[in-house]
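The lines below spell out each chain.
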Amino acid sequence: MKLAILGPGGIARSMATAAKGLPEVDLYAVGSRTYEKAKAFAEEWGFEKAYGSYEEMLSDPQVELVYVATPHSHHYQYAKMCLEHGKHVLVEKAFTVNAVQAEELIRMSEEKGLLLAEAIWTRYMPSRKMIDDLVESGVIGKVTSLTANLGYVLPHVERLQEPSLAGGALLDLGVYPINFALMVFHGQVEKVTSTAVMSPKGIDWMNSITLTFDDGRMAVLHSNMLAQPDRQGVINGDKGYMEIQNINNCEEIRVYDLDRKLTATYPVPEQINGYEYELLSCVKAIREGRTECPEMPHSEILRVMRLMDGIRKDWGMKFPCE
């Protein structure tokens, strides 16, 4: 599968690392707004082609799958451009700025019969099934609540501070605790309550979100771009609890009993860097003629986007591109 990267920034380097280790993927093309940047990235990672415009790269008939690695604010624009050129697309999270944009892209992909996937890597990792299997085994009993958090010290990252680039903690970090909760609790969200600390520019620096599900279960979530929390997920049952070490890329699963005694640990499989799983899922889905990946179907993409739209509406947080 000939892979092209649209936007050779920091996250694109992680994707290139994974792609380089996969025989199923050919590092084919890099597109940037300047030829010099595309050429430097292509030479560093071993891509065959470099293009000084996105339009030029997408006009290459050899390109099959495009990974969109621009800031959130531009995901919709460039994913749409990819689909218009007949390319399968893997879009970095957050998928788009809002659900309206996501709905249009999904409609296009389904009409054209092209794959459109979100690169929320935790949905594709083997640890996802490990967590599900442990919960379903009953080892911690009946599960009624969970907590999850994610944060990094990121005040120096310009794109996260700028409303024009759809910055803030929610779309960049909060999307992970939200996805964690939706992966563990499969029911419908009945109620959402949240609060945020806003920057002078009007984006959220940190937030707290509580999701109450229709079966009475509850998820308490936190994301923060000014501090370094422990990144833990904790799933609570009436026979014990389960700790997920790093919800952003699970390192180990630990099970505790009612005496808070550690009863079992589960290491996760070795990986290149974790990005390989979403790439492999895309390749498989394309070969099977699918327009979505089963690990993160279009319905779940929309569910997450609609949740975040509602949360931002409660905060009065709107981006200039909306």
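Residues numbered from 1 in each chain as written. Predicted model: local features only at pLDDT ≥ 70, side-chain atom pairs only at ≥ 80, totals over all residues. Heavy atoms only, no water.

For the chain, an unreviewed UniProt entry supplies the name Gfo/Idh/MocA family oxidoreductase and the organism Candidatus Pullilachnospira stercoravium. Quoted verbatim from the Sequence similarities (unreviewed entry) heading of the UniProt record, the comment on the chain is "Belongs to the Gfo/Idh/MocA family." (UniProt positions renumbered as here; feature names shortened; annotations may be inferred.)

Undergrad: Looking at this model, I keep getting lost on the environment of histidine 75. Mind explaining?
TA: Structurally, histidine 75 can be placed in helix H4 (residues 75-84). You can call histidine 75 buried: its relative accessible area is 1%. Between the C-alpha atoms of histidine 75 and alanine 102, which are 27 residues apart in sequence, the distance is 9.6 Å. When sequence neighbours within four positions are dropped, the list of residues in contact with histidine 75 reads Val68, Thr70, Val91, Glu92, Lys93, Ala94, Phe95 and Thr96. (Helix = DSSP H or I, 4+ residues; strand = E, 2+ residues; numbered from the N terminus. Buried < 20%, exposed > 50% of the residue type's maximum accessible area, 1.4 Å probe, protein only. Contact = heavy atoms within 4.5 Å.)

Undergrad: Teacher, can you tell me more about the side chain of glutamate 118 here?
TA: Here glutamate 118 is to be found in strand E6 (residues 116-119). Buried and without a salt bridge, glutamate 118 has arginine 123 as its closest oppositely charged side chain, separated by 7.1 Å. A distance of 3.2 Å separates the side chain of glutamate 118 from the backbone nitrogen of phenylalanine 95, its partner in a polar contact. Not counting residues up to four positions away in its chain, the partners in contact with glutamate 118 are Leu90, Val91, Lys93, Ala94, Phe95, Tyr124, Met296 and Ile301. (Lys, Arg positive; Asp, Glu negative; His and termini not counted. Salt bridge = Lys/Arg side-chain N within 4 Å of Asp/Glu carboxyl O. Polar contact = N/O pair within 3.5 Å; in protein donor to acceptor, adjacent residues only side chain to side chain.)

Undergrad: Just to check I follow, could you spell out the UniProt feature "domain: GFO/IDH/MocA-like oxidoreductase" (unreviewed entry) in the chain for this structure?
TA: Cross-referencing UniProt, the feature "domain: GFO/IDH/MocA-like oxidoreductase" (unreviewed entry) maps to residues 132-242 in the present numbering. Across residues 132-242, helical content stands at 23% and strand content at 40%; the span's end C-alpha atoms are separated by 11 Å.

Undergrad: So what exactly am I meant to see when it comes to the packing of aromatic side chains here?
TA: We describe a pair of aromatic rings using the distance from one ring centre to the other and the angle between the two ring planes. Counted under the stated rule, the structure contains six aromatic pairs. Arranged with centres 6.0 Å apart and planes meeting at 45°, the rings of phenylalanine 41 and phenylalanine 47 form a pair that is tilted. Neither phenylalanine 41 nor phenylalanine 47 differs from the other in exposure class; each is buried. With a centroid separation of 5.3 Å and 85° between ring planes, the pair formed by phenylalanine 185 and phenylalanine 213 is classed as edge-to-face. Of this pair, phenylalanine 185 sits in the loop between helix H8 (169-184) and strand E8 (189-198) while phenylalanine 213 sits in strand E9 (residues 204-213), placing them 28 residues apart in sequence. (Phe/Tyr/Trp six-rings, centres within 6.5 Å; stacked < 30°, edge-to-face > 60°.)

Undergrad: I would appreciate a short explanation of the state of the cysteines in the present structure.
TA: This structure, assessed with the given rule, holds zero disulfides. Cysteine cysteine 282 shares no disulfide, and the gap to the nearest cysteine sulfur, in cysteine 293, comes to 4.0 Å. You can call cysteine 282 buried: its relative accessible area is 0%. (Disulfide = S-S within 2.5 Å.)

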